[in-house]
Amino acid sequence: MSTYTKKQVADLVKGDLDWDTVHLMLSMPKDNDRYKLYMEVLNENVDYDDKVILALGPRLNVVERKADQEIVVMCDCGHDFGDYRKNWKLNALIYVRDSEEKMEQIYPAIMAPDTNWQVYREYYCPSCGIQHDVEAPTPWYPVMHDIQPDLKTFFEWLEMPAPAKI
Ligand SMILES: [Zn+2]
């Protein structure tokens, strides 16, 4: 039996859940049904029919593609970033703030980081233009691969059947 309603999980995803309930969710052990409710809510919020199996971030999910059961990273708009084991950022549009002029678009003058030491790399969906991530590395640092989920172990832990192609 679920501890929370689907509406509460949907409000959590939207950022509309009241703080008392958020605090309760954070404080209590996770119930077994919350993953299913969470995935149902995410699936209702996307523009595609493929199955969301894990959230990577707001509007970015690991998805089982309906056509061929391949596991890919997908934007809520349906843009396919490719195999979930590879870094989706390498298939994103990347804007690098690597000059004083570019930093001053977001910081007041003299408040920005020195771009000889730190740059901002912004990652955008090539289809809908939403910003999915921002990194603040030193200029020479490689593109960060934030997470490579172990889906086999994850589904074992959930005690649920895993997608066919993991
Ligand atoms: Zn998109």
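Residues numbered from 1 in each chain as written. Predicted model: local features only at pLDDT ≥ 70, side-chain atom pairs only at ≥ 80, totals over all residues. Heavy atoms only, no water.

Here the focus is the sheet that holds strand 3 (residues 71-75). As summarised here, the arrangement of the 4 strands in space is 1-2-3-4, forming an open sheet in which the pairing is antiparallel. Edge strands, defined here as strands with exactly one partner in the open sheet, are strand 1 (51-57) and strand 4 (80-83). Averaged over neighbouring strand pairs, the angle between their axes works out to 30 degrees when direction is ignored. Those strands touched by helix 3 (residues 34-44) are strand 1 and strand 2 (60-64), and its axis lies near 90 degrees from that of strand 1. Running at roughly 110 degrees to strand 1, helix 5 (residues 151-158) makes contact with strand 1, strand 2 and strand 3 of the sheet. (Pairing = 2+ DSSP bridges. Helix = DSSP H or I, 4+ residues; strand = E, 2+ residues; numbered from the N terminus. Axes fitted to C-alpha atoms, helices over the stretch in contact; angles between N-to-C directions. Contact = heavy atoms within 4.5 Å.)

Moving on: the pattern of salt bridges. The final tally for this structure, using the stated rule, is 15 salt bridges. For arginine 97, the salt bridge goes to glutamate 122, with nearest N and O atoms at 2.4 Å. Of this pair, arginine 97 sits in strand 5 (residues 93-97) while glutamate 122 sits in strand 6 (residues 120-124); the two residues are 25 residues apart in sequence, bridging distant segments of the chain. With respect to burial, arginine 97 and glutamate 122 carry one shared label: buried. What you see here is one network of salt bridges that share partners, running through Lys89, Arg121, Asp133, Glu135 and Asp146. (Salt bridge = Lys/Arg side-chain N within 4 Å of Asp/Glu carboxyl O. Buried < 20%, exposed > 50% of the residue type's maximum accessible area, 1.4 Å probe, protein only.)

To continue, consider the coordination of the zinc ion. The protein atoms that coordinate the zinc ion are Cys75 (SG), Cys77 (SG), Cys125 (SG) and Cys128 (SG), at distances spanning 2.3 to 2.4 Å. Each of the 4 donor atoms bound to the zinc ion contributes to angles spanning 107 to 113 degrees, and the resulting shape is tetrahedral. Taken in sequence order, the residues that donate to the zinc ion follow the motif C-x1-C-x47-C-x2-C. Pair noted here: cysteine 77 is in the loop between strand 3 and strand 4 and cysteine 128 is in the loop between strand 6 and strand 7 (131-135), with a separation of 51 residues, a long-range link. Among the residues examined, cysteine 128 registers a relative accessible area of 43% and is labelled partly exposed. (Donors = N, O, S within 2.8 Å, 3.2 Å for Na, K, Ca; no water. Tetrahedral: all angles 85-135°; square planar, octahedral: opposite > 155°, others 65-115°.)

Moving on, we come to the sheet that holds strand 6. Across the sheet, 3 strands lie side by side as 5-6-7; this open sheet has antiparallel pairing. Each end of this open sheet is capped by a strand with a single partner; those strands are strand 5 and strand 7. Strand-to-strand twist in this sheet, taken as the mean axis angle between neighbours without regard to direction, amounts to 20 degrees. Across 4 bridges, the pairing between strand 6 and strand 7 is antiparallel. Looking across to strand 7, one finds that glutamate 122 is bridged to valine 134.

Quick look at the packing of aromatic side chains now. In total, this model carries 8 aromatic pairs according to the counting rule given. Measuring from ring centre to ring centre gives 6.1 Å for tryptophan 88 and tyrosine 123, while their planes differ by 70 degrees; the resulting arrangement is edge-to-face. One end of the pair, tryptophan 88, is in the loop between strand 4 and strand 5; the other, tyrosine 123, is in strand 6, with 35 residues separating them in the sequence. Across the pair, exposure class does not vary: tryptophan 88 and tyrosine 123 are buried alike. On the numbers, 6.1 Å between centres and 55 degrees between planes, the contact of tyrosine 107 with tyrosine 120 is tilted. Here tyrosine 107, found in the loop between helix 4 (100-103) and strand 6, pairs with tyrosine 120, found in strand 6; they are 13 residues apart in sequence, far enough to count as distant. Among the aromatic residues, those joined into a cluster by ring pairs are Tyr35, Phe154, Phe155 and Trp157. Against the face of tyrosine 123 rests lysine 89, its NZ or CZ located 5.2 Å from the ring centre. (Phe/Tyr/Trp six-rings, centres within 6.5 Å; stacked < 30°, edge-to-face > 60°. Lys NZ or Arg CZ within 6 Å of the ring centre and 35° of its normal.)

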